[in-house]
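Structural overview for review
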Amino acid sequence: MFNVPGPPRVSEHVSHRQSVRLGRTVKLPCPVEGDPPPLIMWTKGGRNIHSGWTRFRALQHALRIKEVEADDGGAYVCKATNGFGSVSVNYTLIIIGGTASGLNSELRPRFTQPAKMRKRVIARPVGSSVRLKCTASGNPRPDIVWLKDGRPLAHGNDENGGAEEDRKKKWTLSLKSLTPEHSGKYTCHVSNRAGHINATYKVEVIQRTNSKPILTGTHPVNTTVDYGGSTSFQCKVRSDVKPVIQWLKRVEAGDESKFNSTLEVGDHRYVVLPTGDVWSRPDGSYLNKLLITRAKKEDAGMYICLGANTMGYSFRSAYLIVLPDVKPQNNLVLTAASPSLPWPVIIGIPAGVAFVLGTALLWFCQSKRTCPSSSSSSSSSQASSALPVSQRLPVAGRERASPGADKDGLSYEDYVAHQNQNQPLTSSKIYPKIYTHDIHTHTHSHVDGKVHQHQHIHYQC
């Protein structure tokens, strides 16, 4: 079934009143479809919901709200639009434990993302950046004030440490291009009529020193990958200046000739691998990854991440294990079981042999049925004018009177000997032949009274 181009439409019925408890997560569906696919936009109270609303996330066909606050209640609209028109789905979100207007029972503030606030002591090098978070909720909606060393921060004022409040969400304080003056204790003070809470971060800005790079963390680590699969090594380097990060692979003994150039490090030789971009991280470190795709046996071995700057270099190694491939074994069995000749030859050879044998057999059968016939005809003429016809011996009588002999007295044995003497031998063996004969007698009378009698004897093998 093909969709007919047209304006978006609602594909299923939904309840337009949704309720959720304070602090929970809710999902508002937007079941619309159309051809061409529509563009979906969410609004709350007439304001567009965008990426700056950190607890709100627009999914493909829904809006998800995490850690619901009292002020999240109200009217929501999902509007789907394409070139043929638009359609809207309206919701009223009711907060249990609060209302859309926030006039229900008062709730003191609480931090809604405590997992992101566990690290309270933060060290950063000069020139890096840091973000301090104090996301909170309450009823009525609480206010937040940031302090440094007990004094309120003048946001956007470089004389007060260059701290500025994240305009997308005031619950985050961003410190950029850190200098030693940014070091200190930063406190977020969150309060409403029902109470207040505080959280303090200690920021230490470390002066950069001219030193060789340092590989931080545990990467790269030993890795195992399936044959034909993909994997990656990661290398994280801390350096005062942007380092050069290079990946090397150790060349096994005897494989040096496979590479155009190798690098000698200690007692081993290494080949330099192509390296991607080096990413700068907010904590002042640099990150690089080595991607290995379609892993094969030759990819196994020891890899080294080398970080270098003008002051020196540091490196760390890890091993890659490529699991055996099971497919070649199956192919080997199939190859051994199958003939190496092409299919036309495989079929043609038996067919040719069968044809030759059939032809020879047919010729042999024909030769057995028809052997060379020797027809000898002898005619004898007797002038017997005085001999009456009645005194002539009939043929049948003659045959009975002299079995095995013809009129001229030629026996079977004499005929065989005569044939063998007159005809060349075609074989080293002489096979006896059995002959049968037929005698025909013809009588002719002349005008002068003479009678001629002819006998024709035919021999057949």
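Rules used in this analysis
Residues numbered from 1 in each chain as written. Predicted model: local features only at pLDDT ≥ 70, side-chain atom pairs only at ≥ 80, totals over all residues. Heavy atoms only, no water. Pairing = 2+ DSSP bridges. Helix = DSSP H or I, 4+ residues; strand = E, 2+ residues; numbered from the N terminus. Salt bridge = Lys/Arg side-chain N within 4 Å of Asp/Glu carboxyl O. Buried < 20%, exposed > 50% of the residue type's maximum accessible area, 1.4 Å probe, protein only. pLDDT = per-residue confidence, 0-100. Contact = heavy atoms within 4.5 Å.

Here we take up the sheet that holds strand S19 (residues 184-192). Sheet architecture is open: five strands sit in the order S12-S20-S19-S15-S16, paired in mixed fashion. One side of each edge strand has no neighbouring strand; the edge strands of this open sheet are strand S12 (121-125) and strand S16 (151-152). In this structure, S19 lies alongside strand S20 (residues 195-206), joined through nine bridges in antiparallel fashion. By the bridge assignment, Asn-192 is partnered in S20 with Gly-195.

Enumeration over the complete set of coordinates arrives at six salt bridges. Notably, a salt bridge pairs Glu-33 with Arg-9, separated by 3.6 Å at the nearest N-O pair. Linking Glu-33 in strand S4 (residues 32-35) with Arg-9 in strand S1 (residues 6-10), this pair joins segments that are 24 residues apart in sequence. Using a relative accessible area of 37% as the deciding quantity, one classes Glu-33 as partly exposed. When the shortest N-O distance is used, the salt bridge between Arg-141 and Glu-69 registers 3.0 Å. Of this pair, Arg-141 sits in the loop between strand S14 (136-139) and strand S15 (143-148) while Glu-69 sits in the loop between strand S8 (62-65) and strand S9 (74-82), placing them 72 residues apart in sequence. On the basis of relative accessible area, Arg-141 is assigned to the partly exposed category, the value being 30%.

Okay, the confidence of the model for the chain next. The predicted coordinates ought not to be read in detail in places where the model reports low pLDDT. Here the chain shows a mean pLDDT of 76. Residues at 70 or above account for 69%. Per-residue pLDDT, averaged within each element of the chain, yields its smallest value for helix H3 (residues 395-401) (41) and its largest for S19 (94). This model gives residues 156-161 a pLDDT under 50, and the stretch forms seven contacts once residues within four places in sequence are excluded. Contacts of residues 423-435 to residues separated by more than four positions or lying in other chains number 15 contacts, the stretch itself having pLDDT below 50.

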